[in-house]
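Structure assessment
So the chains spell out like this:
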Amino acid sequence: MKRLLKNAKIYDGTGTEAFIGDVLIEGERILGVGQGLQCAGAEESDLTGLSISSGFIDAHSHNDWFAIRQEPLKYFEPFIRQGITSFITGNCGLSCTGFEEDSAYIEKVGAGLFGFDKVSGRYGSVGAFFEAIDRKMPCNIATLVGHCSARTGVTGYGSRPLSPAEQEKMLAIMAKGLDEGACGLSLGLMYEPGLYAPKEELREVALLAERYNRPLTVHPRACSAVSMAYSSLFGRPHLLRALDELEEMGRGTQLKLQYSHAIFVGRNSFKCKSELVSIIHGMRRNGVDAMFDIYSETMGVSVITVVLPAWYQALSPKEKQAPLNKLKLDLLVKASSKLLGFGFADIQVAYIGPGYEQYEGKTVSQIAKEEGKSELDAYIDLCEKSHFKGRVNMGPYSTSAIVSDLSKDEHVLYMTDAWVEDHGVQNPAIYDCFPKFLKFSLVGSGDTMPRTIRKMTGATADRFGLRNRGYLKPGCFADLTIFNETILREAVPDQGRAFGIERVFINGEEVLNDGRLEQDALRKCGQAMLAA
């Protein structure tokens, strides 16, 4: 079947100025892009007043874990509604593939953040993963091989350095994934067991990525001015120490280093923004192909124990009630909050557990006031009710001014770092993260529209070696997002829904039109994207 989309404002993904023209597609590919196209027998649509680009690519996602769900559509629907057709997954060291399938530690893969629940299977190799998902899911998926996943498969959460044989086995698993089409490797230096890896091990992972000329994405050891990652609370901000570590890891290489989610947790971290950018640009001058990615949000998602020290969690119930331990905890929490620049008023409960829905959407401060408790007592109570596994939305992770500034950088990509939860308050990035980037551009606070579109299409495809993706060019896959710039400019964001996205095609299948999803098409239109 041929379709001719006429009279649209075309953004081709190269960053050049848009033009009015036509797009002709047949099957899953683009046949032509230009002006005055004609095609006998093609189904025509007049897109006068609308704009069209290649489908948006989410540069940092964890939706590999949801592509293998038995019923994946609900986990992709909100992303499709904001124009996203493809995902770079396996980030933060936590890929759902890239481990030995007979490992005794397979239940630990995912670091407790993700797991093999209601899945079609467990796929240790990238090849098996791609075979399992290709044309059996809604959207297109590329994957990185996660260092945490590979290391977990070999030794679990062991904190000791790997033996030479164990390291060789781990690197072989990661290399096999690259051979089978993984688009790069990923590190998660805040998660077990990645946080235990010595710098020599991390250097070997970096050299492997360099050898294959594929990116290494990194969730750094710290994203805040102070953290639990370093022993000294004073001196150089921990966020910048973590960046220094990455600079050392890549020194003397031509590594494609992708700094994941450039965020600044707590108000006292905002001052680090300029130096973060300076370090990344400095790495580029020294031969490392360093880039970074951002979302359009100023908050993020975390576990409820984010400000609860591990020593307190390990105490018995009786020990937790001891006055000395409570005093010590109170002092530490207050000191941490002051050093970070956020408090209990900044922690919104997203999910505690069944029967505690009354807490969802409220801050810890609000709950404390309602229940007549101190903020610390209310917080501890919520932790215990959730068995220390609750979920919170918290911030600030950034400011509108920081997002605006970073969005214009030549070396930034756009992403959501979000996934759909089965319960509780959702991460708002699942709804309108990409439309907000477009709105920022149209109202003058973001990058230009051609450059904004490029950062969410062609630049991401280039970065991760996605062949024939990210561009409106003959021969490319017909992933298309059609949007209304007037609605994008005038809409009020953060309403729990997308805005401005009119139609979406994935591999030539129209999957969204005027708010309606084509569920039959979405069961099989997504493809596995192997890196070039």
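For the structure itself, consult the block above.
Described in the following lines is the structure provided in the data block. All residue numbers refer to position in the chain's written sequence, counted from 1. Whole-chain, interface and lining totals are the exception, using all residues; otherwise, since this is a predicted model, local features are given only for residues with pLDDT of at least 70 and side-chain atom pairs are given and counted only at 80 or more. Side-chain numbers come from the whole structure's heavy atoms, not from hydrogens or water.

Let's talk about the overall build of the chain
In plain terms, the rule: Only DSSP runs of H or I covering at least 4 residues are called helices, and only runs of E covering at least 2 are called strands; the numbering of each starts at the N terminus. In this setup the radius of gyration rests on C-alpha atoms only. A globule is expected at 2.2 Å times the number of residues raised to 0.38. Categorising residues by exposure relies on relative accessible area from a 1.4 Å probe, with only protein chains included: less than 20% of the type maximum marks a residue as buried, more than 50% marks it as exposed, and the intermediate range marks it as partly exposed. Contact criterion: two residues are considered in contact whenever any of their non-hydrogen atoms come within 4.5 Å of each other. Using the Shrake-Rupley algorithm and a 1.4 Å probe, accessible areas are obtained, with residue cover drawn only from the displayed protein chains. A residue counts as positive if it is Lys or Arg and as negative if it is Asp or Glu; His and the chain ends are not included. Where a charge sits is defined by one atom per residue type, namely NZ (Lys), CZ (Arg), CG (Asp) or CD (Glu).
Each helix and strand in the chain was counted, giving 19 helices and 21 strands. Taking 24 Å as the expected radius of gyration for a compact globule of 532 residues, we find that the chain reaches 23 Å, a close match to that expectation. Dimensions along the principal axes, computed over C-alpha positions, put the chain at roughly 80 × 55 × 45 Å. By residue count, 60% of the 532 residues in the chain fall in the buried class. Taking as baseline every contact in the chain between residues at least 6 positions apart, the subset at least 24 positions apart corresponds to 75%. Of the roughly 20600 Å² of accessible surface on the chain, a fraction of 50% belongs to carbon and sulfur atoms. In the chain, 59 positive and 66 negative side-chain charges are present, and the distance between their average locations comes to 3 Å.

Focus: the pairing of strand β8 (residues 140-143)
As a general feature of sheets, a regular strand has side chains that alternate between the two faces. Convention followed: Two strands are counted as paired when DSSP detects at least two bridges linking them.
Across the two faces of β8 the burial is the same, with N140 and A142 and I141 and T143 all buried. Pairing analysis gives four bridges linking strand β7 (residues 84-89) to β8, with the strands arranged parallel. Its bridge partner lying in β8, S86 is registered against N140.

Focus: the sheet that holds strand β6 (residues 56-58)
To keep it simple, the criterion reads: Every axis corresponds to a line fitted to the C-alpha atoms, with the helix fit spanning only the stretch in contact, and the corresponding angles, defined between N-to-C directions, vary from 0 to 180 degrees.
Pairing within the open sheet is parallel, and its three strands lie in the order β6-β7-β8. Edge positions in the sheet fall to β6 and β8, since each has one partner strand and no second. Strand-to-strand twist in this sheet, taken as the mean axis angle between neighbours without regard to direction, amounts to 20°. Where helix α2 (residues 73-81) meets the sheet, it contacts β6, β7 and β8, and its direction lies at approximately 120° from that of β7.

Brief notes about the nonpolar core
Note the cut-off: To qualify as a nonpolar core, a set must consist of buried Ala, Val, Leu, Ile, Met, Phe, Trp, Tyr and Cys residues joined through side-chain atoms within 4.5 Å.
Formed by 151 residues in total, the largest nonpolar core has its most connected members in L216 and M249. It is helix α15 (residues 429-443) that contributes the most residues to this core, eight residues altogether. Contact partners of M249, with chain neighbours within four places excluded, come to L187, L202, R203, A206, L216, V218, L255 and L257. In this structure, L5, V23, L47 and L472 belong to the second largest nonpolar core, which totals 16 residues.

A look at the pairing of strand β14 (residues 300-303)
Alternating residues of β14 divide into G300 and S302, all buried, and V301 and V303, none buried. In this structure, β14 lies alongside strand β16 (residues 391-394), joined through four bridges in antiparallel fashion. Bridge pairing in β16 places S302 opposite V392.

Re helix α6 (residues 199-212)
An α-helical segment advances 3.6 residues per turn. Residues three or four places apart therefore align on the same side. What counts, and what does not: To estimate the expected span of a helix, subtract one from its residue number and multiply by 1.5 Å. Working note: the arc is built from the helix axis to C-beta atom directions.
Look at α6: 20 Å from first C-alpha to last across 14 residues, which is about the 20 Å you get at 1.5 Å a residue. All of the buried residues in α6 are E201, L202, V205, A206, L208 and A209. Here the buried residues of α6 occupy an arc of 155° about the axis, which is enough to place them on one side. Of the residues in α6, the exposed ones pointing more than 90 degrees away from the buried face are K199 and R211. Tucked inside the fold, the buried residues of α6 contact α4 (147-155), α5 (164-179), β10 (185-188), β11 (216-219) and α7 (238-250).

A short note on the packing of α6 against α7
Where we set the bar: Each angle is binned into one of four classes, with values under 35 degrees roughly parallel, values over 145 roughly antiparallel, values of 65 to 115 roughly perpendicular, and all other values oblique. Should the near helix be turned anticlockwise from the far one by less than a right angle, the crossing is left-handed, and should it be turned clockwise, the crossing is right-handed. Polar here means any residue other than Ala, Val, Leu, Ile, Met, Phe, Trp, Tyr, Cys and Pro, which are nonpolar, and Asp, Glu, Lys and Arg, which are charged; Gly is therefore polar.
Interaxial distance between α6 and α7 falls to 9 Å at its minimum, and their mutual angle equals 60°. With respect to α7, the axis of α6 lies oblique. For the element pair α6 and α7, the recorded crossing hand is right-handed. Across the interface between the two elements, K199, L202, R203 and A206 from α6 touch E245, E248, M249 and G250 from α7. In the contact of α6 with α7, the residues fall into three nonpolar, one polar and four charged.

Some thoughts on the environment of E384
For E384, the position within the fold is in helix α13 (residues 375-385). The class of E384 is partly exposed, set by a relative accessible area of 32%. A sequence separation of 64 residues divides E384 from T448, and the C-alpha atoms of the two residues are 48 Å apart.

Brief notes about the packing of helix α11 (residues 323-340) against α13
Where α11 contacts α13, the two axes come as close as 11 Å, and the packing angle between them is 100°. By the angle between their axes, α11 is roughly perpendicular relative to α13. Of the residues in α13, those touching α11 at K326, L329, D330 and V333 are L376, D377 and I380. When its residues are assigned to classes, the contact of α11 with α13 shows four nonpolar, no polar and three charged.

Description of α5
Look at α5: 22 Å from first C-alpha to last across 16 residues, which is about the 22 Å you get at 1.5 Å a residue. Considered for burial, the residues of α5 that qualify are E166, Q167, M170, L171, I173, M174, A175, G177 and L178. Each element contacted by the buried residues of α5 is listed here: α3 (126-133), β9 (145-146), α4, β10 and α6. G181, located one to two residues past α5, shows a positive phi value of around 110°.

Observations concerning the packing of aromatic side chains
Inclusion rule: The pairing test for Phe, Tyr and Trp rings, Trp by its six-membered ring, is centres within 6.5 Å, and the orientation test on the planes gives stacked under 30 degrees, edge-to-face over 60, and tilted for anything in between. Both a distance and an angle decide whether a charge sits over a ring: NZ of Lys or CZ of Arg must be within 6 Å of the ring centre and within 35 degrees of the ring normal.
Enumeration over the complete set of coordinates arrives at 18 aromatic pairs. Seen from their ring centres, F76 and F87 are 5.6 Å apart, and the 75° between their planes marks the pair as edge-to-face. With F76 in helix α2 and F87 in strand β7, this residue pair connects regions lying eleven residues apart in the sequence. Overall, the relative accessible area of 0% leaves F76 in the buried class. For the pair F79 and F87, a centre-to-centre distance of 5.4 Å together with 90° between the ring planes defines the contact as edge-to-face. Accessibility classification places F79 together with F87 in one group, the buried group. Put simply, the rings of Y11, F56, Y414, F434, F437, F440 and F483 pair up and form one aromatic cluster. The ring centre of Y230 lies 5.7 Å from the NZ or CZ of R241, which sits over that ring. Here K328 stacks its cationic end above the ring of W311, 4.3 Å away from the centre of that ring.

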